[in-house]
Amino acid sequence: MLGYVTVGTNDLKSAAEFYDKICAEFGVGRMMDFDTFIAWGKPGGGCGIAATKPFDGQAATVGNGVMAAFQADSKEQVDKVYALAISLGAKDEGAAGPRGDSGFYAGYFRDPDGNKLNVFTMG
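Summary of the structure given here.

Rules behind the numbers
- Residues numbered from 1 in each chain as written.
- Predicted model: local features only at pLDDT ≥ 70, side-chain atom pairs only at ≥ 80, totals over all residues.
- Heavy atoms only, no water.
- Pairing = 2+ DSSP bridges.
- Helix = DSSP H or I, 4+ residues; strand = E, 2+ residues; numbered from the N terminus.
- Axes fitted to C-alpha atoms, helices over the stretch in contact; angles between N-to-C directions.
- Contact = heavy atoms within 4.5 Å.
- Salt bridge = Lys/Arg side-chain N within 4 Å of Asp/Glu carboxyl O.
- Buried < 20%, exposed > 50% of the residue type's maximum accessible area, 1.4 Å probe, protein only.

## Digging into the sheet that holds strand β2 (residues 29-33)
- Strand order in the open sheet formed by 4 strands is β1-β4-β3-β2, with mixed pairing between adjacent strands. Two strands lie at the open edges of the sheet, namely β1 (4-8) and β2, each paired on one side alone. When strand polarity is set aside, the average angle formed by the axes of neighbouring strands in this sheet is 25 degrees.
- Across the face of the sheet, helix α1 (residues 12-24) comes into contact with β1, β2, β3 (37-41) and β4 (48-52) while running at roughly 5 degrees to β3.

Now the structure itself:
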């Protein structure tokens, strides 16, 4: 399975402030921290997320159709993380709520660099 997902950033300091707070809601902090790359998660503890300045030195851009998803423990945690993201400057891409009849509950947003994310729970 996946070890971590990386999103590009043009402002690592701003991305760090955003993801420090989002990841804290899942009980994880930084597991790697370099001048151009920061990763959040728990070594050996499932998928994490990282933000990086592109290695080639070019501007970071957003991939069309690319999205990373944070798995929450409950609908309440989905609501809390979604609201936190919006309060931190994320752009709304679909308010937290049920999607379909399968028990999927999610909120969609874009981080300050425009990377599309969601927070979800099943059942």
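## A look at the pattern of salt bridges
- The tally for this structure, following the rule as stated, stands at 6 salt bridges.
- For Arg-30, the salt bridge identified is with Asp-33, shortest N-O distance 2.6 Å.
- Asp-33 gets classed as partly exposed once you look at its relative accessible area, which sits at 44%.
- In this structure, Glu-93 engages Lys-91 in a salt bridge whose closest nitrogen and oxygen atoms are separated by 3.6 Å.

## Observations concerning the sheet that holds strand β5 (residues 68-71)
- Across the sheet, 4 strands lie side by side as β5-β8-β7-β6; this open sheet has mixed pairing. Unpaired on one side and paired on the other, β5 and β6 (91-99) mark the two borders of the sheet. Strand after strand, the sheet turns through a mean of 15 degrees between neighbouring axes, direction not considered.
- Bridge count for β5 against strand β8 (residues 116-121) is 4 bridges, and the pairing is parallel. Looking at the pairing, Ala-69 lines up with Asn-118 of β8.
- The sheet strands contacting α1 are β5, β7 (104-110) and β8, and the helix crosses β5 at an angle near 35 degrees.

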